[in-house]
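# Observations on chain architecture
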Amino acid sequence: MEISLQNVADIKKLKAVGICTIKGIQMTTRRALCNVKGLSEAKVDKIKEAANKLVEPGFLTAFEYSEKRKMVFHISTGSQEFDKLLGGGIESMAITEAFGEFRTGKTQLSHTLCVTAQLPGPNGYTGGKIIFIDTENTFRPDRLRDIADRFNVDHEAVLDNVLYARAYTSEHQMELLDYVAAKFHEEAGIFKLLIIDSIMALFRVDFSGRGELAERQQKLAQMLSRLQKISEEYNVAVFVTNQMTADPGATMTFQADPKKPIGGHILAHASTTRISLRKGRGELRIAKIYDSPEMPENEATFAITTGGIGDAKE
Ligand code: GTP
Ligand code: MG
């Protein structure tokens, strides 16, 4: 927002809550803007008006939209089979969710992406920096070193390109997103990937009772909407992991798969692509497309190796 929108103080107030661009203003409701400390309703109206004058909020032709989609890139999972399943890897301008039981490789995949996102890839992808939000205290820089070795890249350089934050509550997790947006804005085009491992863990703790479910889902919806906007506004890939729970209704309906990802419809709709992970023999794991606008419901087998996620050896 270089343009003298209102005054510097107002821009600061907006930046403090992670709204750094005209697009960011357009993506935020009046009501949410009014909740920003120090912004009156009248001021918000003026800001909205000024933003819409600078950038028309309206329609694109399908052609223009397809040009915009050309900026979308994919980050490799480390396994060619897995990448094929995903149409090239983890997609930018989208939220990709991987869920599965414990030890199915969600955290290992998160670590691998921290390295592969830094490597140049197909279609002119240059590689870039990563933000990792850890809610379970399972981030291990040493794993990044192992994975860096596999790709023959320098340890220090790899670790330097990963910004790490540990989130302690679901509220803290949300607050961190303000910082994420500010960082993505500050170093425009440098950051390529945001990882949250895992998206639901803290919500599960903070809202434990049945009576709190509605509130939990409401807060979750706000967070996911924020993530969606960030992914589009800054053209980054958002990768989140998720846990599973036994479905209490499953035994009644004889469902084949009695476990399902938590987060309900809110998360189901927010994730662009959902991947289910399950265990195979030894270090093998099976990924399945659970829900995607473009990819068919296929499966791929990959392996968890010392060097991170890789292809299963024949
Ligand atoms: P939860 O967070 O508990 O739900 O599980 P997760 O899905 O995040 O599992 P995670 O990604 O932590 O995967 C754990 C699996 O990775 C285990 O089966 C480990 O044996 C394997 N693993 C972890 N580190 C290494 C390693 O350095 N080398 C190899 N070969 N495997 C590893
Ligand atoms: Mg994990």
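We now turn to the structure provided with this report. (Residues numbered from 1 in each chain as written. Chains lettered and ligands numbered in written order. Predicted model: local features only at pLDDT ≥ 70, side-chain atom pairs only at ≥ 80, totals over all residues. Heavy atoms only, no water.)

### Topic: the overall build of the protein
Spelled out, the test is: Runs of E in the DSSP output that reach at least two residues are strands. Runs of H or I that reach at least four are helices, and both are numbered from the N terminus. Here the radius of gyration uses the C-alpha set of atoms, whereas the globule reference equals 2.2 Å times the residue count to the power 0.38. To sort residues, take the accessible area from a 1.4 Å probe on protein chains only and compare it with the maximum for the residue type: under 20% means buried, over 50% means exposed, and anything in between is partly exposed. Any two residues whose heavy atoms approach within 4.5 Å at even a single point are treated as in contact. Here the open area of atoms and residues is found with the Shrake-Rupley method and a 1.4 Å probe, where only the protein chains shown may cover a residue.
A tally of regular secondary structure across the protein gives 14 helices and 13 strands. For 314 residues, the compact-globule estimate of 2.2 N^0.38 gives 20 Å, and the C-alpha radius of gyration of the protein, at 20 Å, lies within 12% of that figure. Split into buried and exposed, the 314 residues of the protein put 47% on the buried side. Taking as baseline every contact in the protein between residues at least 6 positions apart, the subset at least 24 positions apart corresponds to 65%. Accessible surface for the protein amounts to roughly 16,200 Å². Of this, 53% is attributable to carbon and sulfur atoms.

### Quick word on the side chain of R143
Tracing the sequence through the fold places R143 in helix α8 (residues 141-150). Every residue in contact with R143, bar those within four places of it in the chain, is listed here: Q108, H111, T305, T306 and G308.

### Considerations on the environment of V180
Topologically, V180 is positioned in helix α10 (residues 170-186). Under the relative-accessibility criterion, V180 is labelled buried at 1%. Between the alpha carbons of V180 and F132 there is a distance of 9.8 Å; along the sequence they are 48 residues apart.

### Some words on the nonpolar core
Operational definition: Here the nonpolar core consists of buried residues drawn from Ala, Val, Leu, Ile, Met, Phe, Trp, Tyr and Cys, with membership extended through side-chain atoms lying within 4.5 Å.
In terms of nonpolar packing, the biggest core is built from 33 residues, with I75, F82, L113, C114, L193, I195 and F239 touching the most fellow members. A total of four residues in this core trace back to one element, the largest contributor, which is helix α7 (residues 106-116). Ignoring any residue separated from it by four or fewer positions in sequence, one finds F239 in contact with I90, T96, A98, K106, L109, S110, L113, L193, L194, I195 and I196. Counting residues in hydrophobic clusters, the runner-up holds 31 residues, among them I133, A181, I196 and V240.

### Remarks on unusual backbone geometry
Residues D197 and S198 are joined by a peptide bond in cis, for which omega reads -5°. On the secondary structure map, S198 appears in the loop between β6 (191-197) and α11 (201-206). Even without a glycine there, the phi angle at N123 is positive, about 55°. Within the secondary structure, N123 sits in the loop between α7 and β4 (129-134). Backbone geometry at N235 places phi at a positive 45°, although glycine is not the residue there.

### Notes on helix α4 (residues 41-54)
Note the cut-off: Working rule for helices: expected span equals 1.5 Å times residues minus one. What the arc measures is the spread of directions leading from the helix axis to the C-beta atoms.
In this model, α4 (14 residues) spans 20 Å end to end at C-alpha, consistent with the 20 Å of a helix rising 1.5 Å per residue. The complete set of buried residues in α4 reads V44, I47, K48, A50 and A51. An end-on view of α4 places all buried positions within 165° of arc, on one side of the element. Away from its buried face by more than 90 degrees, α4 exposes A42, K46 and K53. Of the surrounding elements, those touching the buried residues of α4 are α1 (8-16), α2 (22-26) and α3 (30-34).

### Describing the side chain of T241
To be explicit about the condition: Two N or O atoms count as a polar contact when they lie within 3.5 Å, although within protein this holds only if one can serve as hydrogen donor and the other as acceptor, and sequence-adjacent residues are included solely when both atoms are side-chain atoms.
Tracing the sequence through the fold places T241 in strand β7 (residues 237-242). Take T241: its relative accessible area is 0%, and that puts it in the buried class. Within the local environment of T241, its side chain forms a polar contact with the side chain of D197, the two groups lying 2.6 Å apart.

### A short note on the pairing of β7
Selection rule: Here, any two strands with at least 2 DSSP bridges between them count as paired.
Of all six residues in β7, six are buried, a share of seventy percent or more. The alternating pattern of β7 places A237, F239 and T241 and V238, V240 and N242 on opposite faces, both of which are buried. Judged from the four bridges that link them, β6 and β7 form a sheet pairing that is parallel. Following the sheet pairing, I196 is matched in β7 by V240.

### Quick word on the site of ligand 1
We apply this condition: Near residues are defined by distance, with any heavy atom within 4 Å of the molecule or strand qualifying the residue. Nonpolar residues are Ala, Val, Leu, Ile, Met, Phe, Trp, Tyr, Cys and Pro. Charged residues are Asp, Glu, Lys and Arg, and all others, Gly as well, are polar.
Inspection of the region around ligand 1 gives 15 residues, with R103, K106, T107, Q108 and R285 positioned closest. With respect to ligand 1, the backbone of G105 contributes an N or O atom lying 3.1 Å from an oxygen atom. Residue Q108 places a main-chain N or O atom 2.7 Å away from an oxygen atom belonging to ligand 1. When ligand 1 is considered free in solution it has 670 Å² of accessible area, and contact with the protein chains removes 69% of it. The set of elements that each furnish at least two residues to the shell around ligand 1 consists of α7 and β12 (299-305). Sorting elements by how many residues they give to the shell around ligand 1 places α7 first, with three residues. In terms of residue class, the shell around ligand 1 is built from two nonpolar, six polar and seven charged.

### Structural notes on the packing of α7 against α8
Worth spelling out the cut-off: What counts as an axis is a line fitted to C-alpha atoms, over the stretch in contact for a helix, and the angles between N-to-C directions run from 0 to 180 degrees. Relative orientations are named as follows: roughly parallel for angles under 35 degrees, roughly antiparallel for angles over 145 degrees, roughly perpendicular for angles from 65 to 115 degrees, and oblique for any other angle. In this scheme the handedness of a crossing depends on how the near helix is turned from the far one: anticlockwise by less than a right angle means left-handed, clockwise means right-handed.
It is the contact of α7 with α8, at a shortest axis distance of 9 Å, that shows an interaxial angle of 55°. Between α7 and α8, the angle falls in the class oblique. Remark: the crossing between α7 and α8 carries right-handed chirality. Contacts between α7 and α8 pair Q108, H111, T112, C114 and V115 from the former with R143, L144, I147 and A148 from the latter. Of the residues that constitute the contact of α7 with α8, the class distribution is five nonpolar, three polar and one charged.

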